[in-house]
Amino acid sequence: MEKAKDERKIKCIVWDLDNTVWNGVLLEGDTLTLREGVAEVIRTLDERGILQSIASKNEYDAAMTQLKKFGIDEYFIYHEINWGPKSNSIKNIAKSINIGIDTLAFVDDQQFELEEVQYSVPEILCIHADKVREMLTMPELNPRFITSDSKLRRQMYMSDIRRNNIEQAFEGTQDEFLSTLNMNFTISKVGDDDLKRAEELTVRTHQLNATGYTYSYEELDFFRKSKDHLLLIAGLEDKYGTYGKIGLCLLECTRDSWTLKLLLMSCRVMSRGVGAVMINLIIRMAKEANVRLFAEFLPTNRNRTMYVTYKFAGFKEVGNNNGINILENGLSYIPPLPDYIKLNVEL
Amino acid sequence: MEEIKVRVRGFLSRFFKKHELEDSEDIFSLGFVNSLFAMQLVMFIEKEFSIRIENNDLDLQNFRSINSIAELISSKKSA
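Residues numbered from 1 in each chain as written. Chains lettered and ligands numbered in written order. Predicted model: local features only at pLDDT ≥ 70, side-chain atom pairs only at ≥ 80, totals over all residues. Heavy atoms only, no water.

1. Things to note about the domain arrangement of chain A
Where interface size is quoted, it is often the accessible area lost as the parts come together.
Residues and elements named next belong to chain A.
Link 1 in the chain: Split by domain assignment, chain A resolves into domain 1 (8-141) and domain 2 (148-346).
Link 2 in the chain: On a C-alpha basis, the centres of domain 1 and domain 2 stand 33 Å from each other.
Link 3 in the chain: On the domain 2 side, the residues contacting the 16 residues of domain 1 number 13 residues.
Link 4 in the chain: Approximately 1300 Å² of surface area, both sides summed, lies buried where domain 1 meets domain 2, with 52% of it carried by carbon and sulfur atoms.
Link 5 in the chain: Between the two partners, domain 1 and domain 2, sit two salt bridges.
Link 6 in the chain: Two residues, Arg302 and Asp102, come together in a salt bridge whose shortest N-O distance is 3.2 Å.
Link 7 in the chain: Connecting domain 1 to domain 2 are five residue pairs in polar contact (both at pLDDT 80 or more).
Link 8 in the chain: Residues belonging to the side of domain 1 that touches domain 2 are distributed by class as follows: seven nonpolar, three polar and six charged. (Domains from an automatic or database assignment. Contact = heavy atoms within 4.5 Å. Buried area = accessible area lost by both parts, 1.4 Å probe. Salt bridge = Lys/Arg side-chain N within 4 Å of Asp/Glu carboxyl O. Polar contact = N/O pair within 3.5 Å; in protein donor to acceptor, adjacent residues only side chain to side chain. Nonpolar A, V, L, I, M, F, W, Y, C, P; charged D, E, K, R; others polar.)

As structure tokens, then:
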């Protein structure tokens, strides 16, 4: 679904280096100075939970050394410092972070580079380096809320990079790797402190999102207090640190049936099996409460994974309501809980 | 049919390396199904055998074992 332009939110800024982050050209031996305002923009965007990366035609080691000298190297993840087209670099960055390419912005001083990127990837927001100081007031770069998760976002991605490197070097199977992580998955009712993050999750999550419904802070606050709803939030941590609050689930409860209106999981935890664990828990709860269990699914061009997850958890399609698939779980088959996750339910 | 099974077994062995899967063994009972695996399995089948898995085909029973996956693929290919 196309979002209206003013609603569009950028999740990652990709910076050029020469004459964009700093004045001068590194490999021509210029004396380099940080461009005015750039450091402040980088730090502020980081605090807002916007990720930052680099697409620069440069020598990797020289560029990294220079970033360290300026004390800003830690702000960037998945740097693409090479001689290939920047459109490729940017596609790689989006793929590494696992976010939609339309949530990226690209900053460069050269018209040629901006045009190359815009031509190959029209969905990207291109910003000329002259506009750096205007960036902090651009609506696309101002998330509605800054949550405790947004401030930690870069660090969480950095732990992910560490985990992924270890996973790639790991000799055993995927579930053997998962069992080395000592994962703790916590499901609780959405509390006061969680509301902003809950709204942020509905806005940010596309791939593992069953309906794509976005709810405002006020609506979520209503559901949280409503007797006819159950609003759950999930957090995950492992021995490398916290993943933050990564999942949300809204159940509409009547006397004899429950309906999953919303089920979403951050794409960062797609390979961790926690979506299935959450569904599993709901199935058990529904069985215990002796109610029928339904789930709504609204197909988009990105969320097929969630459909597959529902179906593999034993849901079957029983109807269609204005394009919304209605699924039901017969509650006869309860998928086993993986033994590599410790589940804490705080209801 | 045998050839389909060989290709499916090859794919699954990446996830169940230490465990020699029987053709009729229930892969869901092994307790290892996450969203990524499920989606990778569906995408592997679609790409490897040039078929489209429709929503109706996405039934747990069709993916329970190497045998059932192979039957799904051959029925889609002959359709």
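Once the structure has been displayed, the description carries forward.
2. Notes on the layout of surface pockets
Link 1 in the chain: Taken as a whole, the largest pocket spans an internal volume of roughly 1400 Å³.
Link 2 in the chain: A:Lys95, A:Asn98, A:Gln207, A:Cys267 and A:Met270 are, among the 47 residues lining the largest pocket, the residues nearest its centre.
Link 3 in the chain: Those elements that provide at least two residues to the lining of the largest pocket are α3 (86-97), α5 (148-169), α7 (195-204) and α10 (304-312) of chain A together with α2 (35-48) of chain B.
Link 4 in the chain: In terms of residues, the lining of the largest pocket owes the most to one element, α5(A), which gives nine residues.
Link 5 in the chain: Counted by class, the lining of the largest pocket contains 16 nonpolar, 17 polar and 14 charged residues. (1 Å grid on protein atoms, 1.4 Å probe; cavity = no way out; pocket = protein on both sides within 12 Å on 5 of 7 lines; lining within 4 Å. Points joined across faces, edges and corners; volume = space filled by probe spheres on them. Helix = DSSP H or I, 4+ residues; strand = E, 2+ residues; numbered from the N terminus.)

3. Some points on the sheet that holds strand β4 (residues 51-56) of chain A
All names here are of chain A.
Link 1 in the chain: Spatial ordering of the open sheet is given by β5-β4-β1-β6-β7, a layout of five strands whose pairing is parallel. Of all the strands in the sheet, the pair left with one neighbour each is β5 (80-81) and β7 (125-128).
Link 2 in the chain: Packing of helix α1 (residues 38-47) onto the sheet brings it into contact with β1 (12-15) and β4, and relative to β1 it is tilted by some 155°.
Link 3 in the chain: Running over the sheet, α3 touches β1, β4, β5 and β6 (104-108) and is turned about 150° from β4. (Pairing = 2+ DSSP bridges. Axes fitted to C-alpha atoms, helices over the stretch in contact; angles between N-to-C directions.)

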